[in-house]
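# Structural characterization, general
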Amino acid sequence: MKPTRLKPLLTDWQWQARAACRGMDSSVFFSPPNERGTTRRRRERNARRICQSCAVRTPCARFALETAQPYGVWGGLTETEREAEHRQAG
Ligand code: SF4
């Protein structure tokens, strides 16, 4: 068999089995089109609250940053915060 740099997919996603958001509606973490202002801030605050108590917050945030997830709250970080992290990292 030829050597490969591919990793088993399960390794990358194993942390999700312990996610506090597992089974929740995705609308808690991902905004509907045109969501703005207070509604958006309230939804993001609620999502962050869930993330704060999540056992896999660190790998979740790392995954979102490493894969440049463009939407949603991941690991307690909003889209705007992840963009800022990417800009800082250059
Ligand atoms: S940190 Fe937040 S988004 Fe990530 S798995 Fe946990 S609850 Fe879900």
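See above for the structure.
Here's what I pulled together on the structure shown here. Note on numbering: residues in each chain are counted from 1, in written sequence order. This being a predicted model, a pLDDT of at least 70 is required before a residue's local features are given, and a value of 80 or more before pairs of side-chain atoms are given or counted; all residues contribute to the totals for chains, interfaces and linings. In computing side-chain values, all of the structure's heavy atoms are included and hydrogens and water are not.

### Things to note about the overall build of the protein chain
Secondary structure summary: the protein chain contains four helices and zero strands in total. Strands here mean DSSP runs of E at least two residues long; helices mean DSSP runs of H or I at least four residues long; both are numbered from the N terminus. Order of helices (α) and strands (β) in the protein chain, N terminus to C terminus: α-α-α-α. Burial here depends on accessible area, computed with a 1.4 Å probe over protein chains only, as a share of the maximum for the residue type. Under 20% is buried, over 50% is exposed, and the range in between is partly exposed. Split into buried and exposed, the 90 residues of the protein chain put 28% on the buried side. Contacts are assigned to residue pairs with any non-hydrogen atoms lying within 4.5 Å of each other. When contacts within the protein chain are restricted to residue pairs at least 6 apart in sequence, those whose partners lie at least 24 apart make up 41%. With residues, only the protein chains shown are counted as cover, and all accessible areas are computed by Shrake-Rupley using a 1.4 Å probe. Of the accessible surface of the protein chain, which amounts to about 6,900 Å², a share of 53% is contributed by carbon and sulfur atoms.

### Brief notes about the pattern of salt bridges
Note that side chains of opposite charge can pair when their charged atoms are close. Basic side-chain nitrogens of Lys or Arg form a salt bridge, by our definition, when they fall within 4 Å of a carboxyl oxygen of Asp or Glu. Counted under the stated rule, the structure contains four salt bridges. Between Glu35 and Arg43 there is a salt bridge, and its shortest N-O distance comes to 2.9 Å. With respect to burial, Glu35 and Arg43 carry one shared label: buried. A salt bridge links Glu81 to Arg48; the shortest N-O distance between them is 2.4 Å. Here the residue Glu81 occupies a position in helix H4 (residues 79-89), and Arg48 occupies one in helix H2 (residues 37-52), the gap between them amounting to 33 residues.

### A word on unusual backbone geometry
Although it is not a glycine, Asn34 sits at a positive phi angle of roughly 70 degrees. Among the secondary structure elements, Asn34 is positioned in the loop between helix H1 (9-13) and H2. Residue Asn34 is classed as exposed on the basis of its relative accessible area, which comes to 64%. Even without being a glycine, Ala68 presents a positive backbone phi close to 50 degrees. Following the sequence through the fold, Ala68 ends up in the loop between helix H3 (57-66) and H4.

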